[in-house]
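# Observations on the three-dimensional arrangement
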Amino acid sequence: MKLTPFYIEQFYAVHEFTAPYMFGSSDCESMSIGELLAFEPDAQEAFQQLWMGYTESQGDPELRELVASLYANLDPQGVVVLTGAQEGIFLFTLTVLEAGDHMIVQTPAYQSQYQNALDLGIEISGWTLRESEDNRWSLDWEMLPKLLQPNTRALLITTPNNPTSYTFTEAELAQLVAFAREHDLYLFSDEVYRSLDHGGKVAPSAVELYEKAIGLGVMSKAYGLAGLRIGWLASQDHNLIERIRDHKFYTTICNSAPSEFLAKVALRHRQVILDRNRGIIQANIAHLEPFFATYADRFAWTPPTSGAISFPRLRYGSASGFANSLIETCGVMMVPSTKFDWGDQHFRLGMGRRNLPEALHRVAEFLKA
Ligand SMILES: Cc1ncc(COP(=O)(O)O)c(C=O)c1O
């Protein structure tokens, strides 16, 4: 298997640790280990005493229990803990699909969701989101059945979507599950931004509705703990989880013990962490609204109702040119849509970082100049 370059990650490798303002990032504001341990009086001492040997390949049992509790009626046996969400995408592709199969992928999408499959010789069709003049996104239900092929084995969605934050409603998810069930398809549901509904509602997971659904979750995005590199796959299908665990022996074998410990602390206090992060996003939206109203002739933007990102459209000019100028002149990084194979008119805007108002000020100065 030859791997195609991962364009968005290459872009991050250049800018993530040099650009002062990460205005395009999809993860929420992080915190220090000290801040996290402070959630529990005895956590600091317990962390010092943690044994540093190998850990259970499927994941720490207590951590799997905490993860299972994020879904209705899910057994800890239906969870495999992984090194970030990316390992989950890779192992799902290797475990469920083979060369000659076909998968339908909701687009725009995070590149690895279709690239790992393409590199394995799997055919891909994009189920493209529709965009209105004012930058609202919607599903194209007429298109979906036309994409089916005799060799279609799986359907992949991201809800909330990266980069638009479009989120399936309960009714839409039920409709999609009915479609997948009718055609006996695996449904891979990337839910790394789940729990970031701005109103505080927790959206249902495909895992709760369908026996052939596989849900992807992670500590990186909604919880802002990307450095833990803790993600998971969840499914009612225990046999599938076991096969994924078996393939994990070839990638990472088991997870980092300190990271599993810290992920447990975070999940025990998830409500406080999620409330904090939703608060940051809401405060940032309050800054973004007047900005986009002022520059309505240059950008089309409608704030999403969930997630930590949005995907505004430039009314003229190239998004990659705009992104390059912003990095060079004011140290503000945003991600042009070329990194999502989605033309050159949009850019991904992250709303989960505390320094967004300063970045926005710099962008406004740049536009005035
Ligand atoms: C939709 C989506 N899935 C998976 C990932 C991978 O997440 P992680 O960095 O935690 O492995 C990302 C990261 O940006 C993402 O946006």
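Residues numbered from 1 in each chain as written. Predicted model: local features only at pLDDT ≥ 70, side-chain atom pairs only at ≥ 80, totals over all residues. Heavy atoms only, no water.

Here we take up the packing of helix 5 (residues 84–96) against helix 6 (residues 112–119). The axes of two packed helices give the description: the angle between them and the distance between them. Two elements in contact, helix 5 and helix 6, have axes whose closest approach is 9 Å; the angle formed by their N-to-C orientations is 35 degrees. Between helix 5 and helix 6 lies a crossing of right-handed hand. In this structure, helix 5 contributes Gln86, Ile89, Phe90 and Thr93 to the contact, and helix 6 contributes Ser112, Gln113, Asn116 and Ala117. Across the contact of helix 5 with helix 6, the residue classes break down as 3 nonpolar, 5 polar and no charged. (Axes fitted to C-alpha atoms, helices over the stretch in contact; angles between N-to-C directions. Helix = DSSP H or I, 4+ residues; strand = E, 2+ residues; numbered from the N terminus. Left-handed = near helix turned anticlockwise from the far one by under 90°. Contact = heavy atoms within 4.5 Å. Nonpolar A, V, L, I, M, F, W, Y, C, P; charged D, E, K, R; others polar.)

Attention shifts here to the site of the ligand. Around the ligand sit 16 residues in total, of which Asn162, Asp190, Tyr193, Ser220 and Lys221 are the nearest. Taking Tyr193, its side chain carries an N or O atom lying 2.8 Å from an oxygen atom of the ligand. Separating an oxygen atom of the ligand from a side-chain N or O atom of Arg229 is a distance of 2.9 Å. Against a free-state accessible area of 400 Å², the protein chains account for coverage of 93% of the ligand. When residues of the shell around the ligand are assigned to their parent elements, the largest contribution, 4 residues, is made by helix 5. Classifying every residue of the shell around the ligand gives 6 nonpolar, 7 polar and 3 charged. (Near = heavy atom within 4 Å. Polar contact = N/O pair within 3.5 Å; in protein donor to acceptor, adjacent residues only side chain to side chain. Areas by Shrake-Rupley, 256 points an atom, 1.4 Å probe, with all protein chains shown as cover.)

Further remarks concern helix 6. In terms of burial, helix 6 is a largely internal element, 7 of the 8 residues being buried. Taken as a whole, helix 6 has its buried residues at Ser112, Gln113, Tyr114, Gln115, Asn116, Ala117 and Asp119. Of the surrounding elements, those touching the buried residues of helix 6 are helix 5, strand 3 (102–107), strand 4 (123–128), strand 7 (152–158) and strand 8 (186–190). Of the residues flanking the end of helix 6, it is Gly121, one or two places downstream, whose phi is positive at about 90 degrees. (Buried < 20%, exposed > 50% of the residue type's maximum accessible area, 1.4 Å probe, protein only.)

Glancing now at the pairing of strand 8. Most of strand 8 is tucked away: 5 of the 5 residues are buried. Of the two faces of strand 8, the one holding Tyr186, Phe188 and Asp190 and the one holding Leu187 and Ser189 are both buried throughout. Bridging between strand 7 and strand 8 involves 5 bridges; their strand directions are parallel. In the strand pairing of strand 8, Ala154 is matched with Tyr186. As a crossover connection, the stretch from strand 7 through helix 8 (residues 170–182) into strand 8 is right-handed. Bridging between strand 8 and strand 9 (residues 213–218) involves 4 bridges; their strand directions are parallel. Across the sheet, Asp190 pairs through a bridge with Leu216, a residue of strand 9. (Pairing = 2+ DSSP bridges. Right-handed = clockwise from strand over helix to strand, strands pointing away.)

Turning our eyes to something else, we now look at the packing of aromatic side chains. The tally for this structure, following the rule as stated, stands at 18 aromatic pairs. Ring geometry for Phe292 versus Trp301: centroids 4.5 Å apart, planes at 25 degrees, classification stacked. Residue class for Trp301 comes out buried when judged on its relative accessible area of 12%. Above the plane of the ring of Tyr186 lies Lys212, whose end atom (NZ or CZ) is 4.3 Å from the centre. (Phe/Tyr/Trp six-rings, centres within 6.5 Å; stacked < 30°, edge-to-face > 60°. Lys NZ or Arg CZ within 6 Å of the ring centre and 35° of its normal.)

Turning our attention to the pairing of strand 10 (residues 231–234). Here strand 10 shows no split at all, with Gly231 and Leu233 on one side and Trp232 and Ala234 on the other all buried. Strand direction decides the pairing type here: strand 2 (residues 79–82) and strand 10, joined by 4 bridges, are antiparallel. Its bridge partner being in strand 10, Val81 is matched across the sheet by Trp232.

The next thing to look at is the domain arrangement of the protein chain. Taken as a whole, the protein chain is organised into domain 1 (7–32 + 271–368) and domain 2 (53–269). If you average the C-alpha positions of domain 1 and of domain 2, the two centres end up 24 Å apart. Each partner contributes residues to the interface: domain 1 has 38 residues there, and domain 2 has 37 residues. Together, the buried faces of domain 1 and domain 2 total about 3100 Å²; carbon and sulfur atoms form 52% of this surface. Together, Arg278, Thr302 and Trp342 form the three largest contributors to the area buried by domain 1 at its contact with domain 2, with a combined 19%. At the surface where domain 1 touches domain 2, the tally comes to 3 salt bridges. The salt bridge involving Glu133 is made with Arg315; its shortest N-O contact spans 3.2 Å. In this assembly, domain 1 and domain 2 are joined by 27 residue pairs in polar contact (both at pLDDT 80 or more). Within the residue set of the side of domain 1 that touches domain 2, elements represented by two or more residues are helix 1 (7–15), helix 12 (270–294) and strand 12 (309–310). (Domains from an automatic or database assignment. Buried area = accessible area lost by both parts, 1.4 Å probe. Salt bridge = Lys/Arg side-chain N within 4 Å of Asp/Glu carboxyl O.)

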